[in-house]
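Each chain, written out:
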Amino acid sequence: MAAPTPTSRAGGHDRVLLPTAATRDGAALARDGVRGRLFVHEIAGLALGGTAEYLERLENDCRPAAARLGWQLVGAYRVAWRPREALTLWALREWRDLGRLHEERAAGDPALRDWFGYRDRVVRALDELVLLPGRMNPLALRDA
């Protein structure tokens, strides 16, 4: 008898993620009140050897500016066996926060201008997804 065919997945690539120091575990996320109505998932394709600097600059340059605009870093990861990839996951409390990061970049926020200038130079491919949390997601922001 053949095994049943899974119906909940429609392709993709599995990734083993190696967390950076900026990545908090579940207990720390709960303690810090990290919650989101939506999440931004990014996979950045970089030159070989570029992930360490990219993730370090994300932590030091992008994260503080993004936090002022409602973006909470859930995790930043190197991808095992894919030394050209870095993956990040951000939680946003409100839909309007989605565009605020890019609006502030355009408005001239120096930290964001520097971050995006660097990112535009080093990222060779960027896959961005906006995700909605599932019903059982402990990070989901729910209306009372």
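For the structure itself, consult the block above.
Draft legend 1. Representation of the overall build of the protein chain. A count of helical and extended segments in the protein chain gives four helices and five strands. Considering only C-alpha atoms, the protein chain reaches an extent of 60 × 45 × 25 Å along its principal axes. Buried residues in the protein chain amount to 37% of all 144 residues. Considering only contacts within the protein chain whose residues lie at least 6 apart along the sequence, 77% involve residues at least 24 apart. Just so you have it, the protein chain exposes about 8,800 Å², and 54% of that area is on carbon and sulfur atoms. Put simply, the protein chain has 22 plus and 19 minus side-chain charges, and the middle of one group is 3 Å from the middle of the other.

Draft legend 2. View of the side chain of Thr88. By secondary structure assignment, the location of Thr88 is in strand 4 (residues 85-92). When its relative accessible area of 2% is taken as the criterion, Thr88 is described as buried. With sequence-adjacent residues up to four places away left out, Thr88 is seen in contact with Val40, His41, Glu42, Leu55, Leu58, Leu73, Gly75 and Ala76.

Draft legend 3. Here's a closer look at the pattern of salt bridges. Enumeration according to the criterion identifies twelve salt bridges in this entry. In this structure, Glu94 engages Arg37 in a salt bridge whose closest nitrogen and oxygen atoms are separated by 3.6 Å. Taken together, the residues Glu94 in the loop between strand 4 and helix 3 (97-107) and Arg37 in the loop between helix 1 (26-31) and strand 2 (38-45) connect sequence positions 57 residues apart. For Glu94, a relative accessible area of 28% corresponds to the partly exposed category. Each of the salt bridges in this network shares a partner with another, and the network as a whole consists of Arg15, Arg82 and Glu85.

Draft legend 4. Structural detail: the sheet that holds strand 3 (residues 71-79). Here five strands make up an open sheet; going across it, the order is 1-3-4-2-5 and the pairing antiparallel. On the outer flanks of this sheet lie strand 1 (17-19) and strand 5 (125-131), each paired with one strand and no other. Ignoring which end each strand starts from, the neighbouring axes of this sheet average 25° apart. Summarising the sheet, strand 2 and strand 4 pair through eight bridges and their orientation is antiparallel. Paired with Phe39 across the strands is Ala91, a residue of strand 4.

Draft legend 5. Molecular detail of the packing of helix 3 against helix 4 (residues 110-122). Interaxial distance between helix 3 and helix 4 falls to 8 Å at its minimum, and their mutual angle equals 100°. Overall, the two elements helix 3 and helix 4 adopt an arrangement that is roughly perpendicular. Facing helix 3, whose interface residues are Leu101, His102, Glu104 and Arg105, helix 4 presents Leu112, Phe116 and Asp120. Here the residues of the contact of helix 3 with helix 4 are counted per class, giving three nonpolar, one polar and three charged.

Draft legend 6. Focus on the environment of Glu94. Between the C-alpha atom of Glu94 and that of Ala52, which follows or precedes it by 42 residues, the distance is 30 Å. With sequence-adjacent residues up to four places away left out, Glu94 is seen in contact with Arg37 and Leu38.

Draft legend 7. Local environment of the pairing of strand 2. Here strand 2 lies mainly inside the structure; eight of its eight residues are buried. Going residue by residue along strand 2, you find Leu38, Val40, Glu42 and Ala44 tucked away on one face and Phe39, His41, Ile43 and Gly45 tucked away on the opposite face as well. Sheet topology note: the strand 2/strand 5 ladder contains seven bridges and is antiparallel. Directly across from Ile43, in strand 5, lies its bridge partner Asp127.

Each value, and the rule that gives it
- Residues numbered from 1 in each chain as written.
- Predicted model: local features only at pLDDT ≥ 70, side-chain atom pairs only at ≥ 80, totals over all residues.
- Heavy atoms only, no water.
- Helix = DSSP H or I, 4+ residues; strand = E, 2+ residues; numbered from the N terminus.
- Buried < 20%, exposed > 50% of the residue type's maximum accessible area, 1.4 Å probe, protein only.
- Contact = heavy atoms within 4.5 Å.
- Areas by Shrake-Rupley, 256 points an atom, 1.4 Å probe, with all protein chains shown as cover.
- Lys, Arg positive; Asp, Glu negative; His and termini not counted.
- Charge placed at Lys NZ, Arg CZ, Asp CG, Glu CD.
- Salt bridge = Lys/Arg side-chain N within 4 Å of Asp/Glu carboxyl O.
- Pairing = 2+ DSSP bridges.
- Axes fitted to C-alpha atoms, helices over the stretch in contact; angles between N-to-C directions.
- Parallel < 35°, antiparallel > 145°, perpendicular 65-115°, else oblique.
- Nonpolar A, V, L, I, M, F, W, Y, C, P; charged D, E, K, R; others polar.

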